[in-house]
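# Architecture and fold: a report
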Amino acid sequence: MQLCLRAGEHGGVFDDKERTWITHVVEQIRVRDPRIPVLISPLNFFGGGQVCTSVGENGPGIAATAADWAAGTLAGVERGPDLGPLLPEHIGVRDDCHANGAGVRLMGEQLVPRHATEPPWVR
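The structure contained in this document is the topic of the report that follows. Since this is a predicted model, take the numbers as computed values, not measurements. (Residues numbered from 1 in each chain as written. Predicted model: local features only at pLDDT ≥ 70, side-chain atom pairs only at ≥ 80, totals over all residues. Heavy atoms only, no water.)

### What about the sheet that holds strand 1 (residues 2-3)?
Counted only if it meets this: By definition, two strands form a pair when at least two bridges between them are found by DSSP. Strands here are runs of E lasting at least two residues and helices are runs of H or I lasting at least four, both read from the DSSP assignment and numbered beginning at the N terminus. Contacts between residues were defined by any pair of non-hydrogen atoms, one from each residue, lying within 4.5 Å. Lines fitted to C-alpha atoms define the axes, with helix axes restricted to the stretch in contact, and inter-axis angles between N-to-C directions lie between 0 and 180 degrees.
Judged by pairing direction, the sheet is parallel, and its three strands sit side by side in the order 1-2-3 without closing on themselves. Each end of this open sheet is capped by a strand with a single partner; those strands are strand 1 and strand 3 (77-79). Inspection of the sheet shows strand 1 paired to strand 2 (residues 38-42) by two bridges, in the parallel sense. The residue bridging Gln2 from the neighbouring strand is Ser41, located in strand 2. Running at roughly 150° to strand 2, helix 2 (residues 16-32) makes contact with strand 1, strand 2 and strand 3 of the sheet.

Now the structure itself:
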């Protein structure tokens with residue numbers, strides 16, 4: 001799961017509202033199948049002056065705090081990787097946040113190394 005905490009919803013902080021939401025999502029995954037591994041990553045980081053206006057300049061950092069909290073607090077949850085940074089040339093599908101083809105390729109290559117026989121979360 002990749003956390004995207006919108007600036008208008010979190011008010012610039014990670015608080016009980018987000019903790020409750022993340023806990024609920026993890027509980028719903030467990031209800032469906034308790035064996036599913038849950039990895040939580042923050043929203044990808046941005047670079048080169050790129051700012052996603054939906055999450056704000058501090059949004060990726062707040063999402064990183066939330067991912068750290070989830071991995072340290074919720075049973076069976078692991079911290080997923082940080083992806084990015086997405087630069088201006090990696091953005092532009094719908095807005096100033098979402099990756100284009102080049103951005104999707106970048107994050108995919110970061111998520112699963114090219115020569116890996118299986119993803120790192122498969123045990």
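### Thoughts on the pattern of salt bridges
Heads up, the rule is: The salt bridge criterion pairs a side-chain nitrogen of Lys or Arg with a carboxyl oxygen of Asp or Glu, the two atoms within 4 Å. Exposure is judged per residue with a 1.4 Å probe applied to protein chains only, and the accessible area is read against the type maximum: over 50% gives exposed, under 20% gives buried, and values in between give partly exposed.
Evaluated as defined, the whole model comprises four salt bridges. A salt bridge links Arg79 to Asp68; the nearest nitrogen and oxygen atoms lie 2.6 Å apart. Of this pair, Arg79 sits in strand 3 while Asp68 sits in helix 3 (residues 59-73), and the two are eleven residues apart along the sequence. One salt bridge in this structure joins Asp82 and Arg79, with 2.9 Å as the shortest N-O distance. For Arg79, a relative accessible area of 28% puts it in the partly exposed group.

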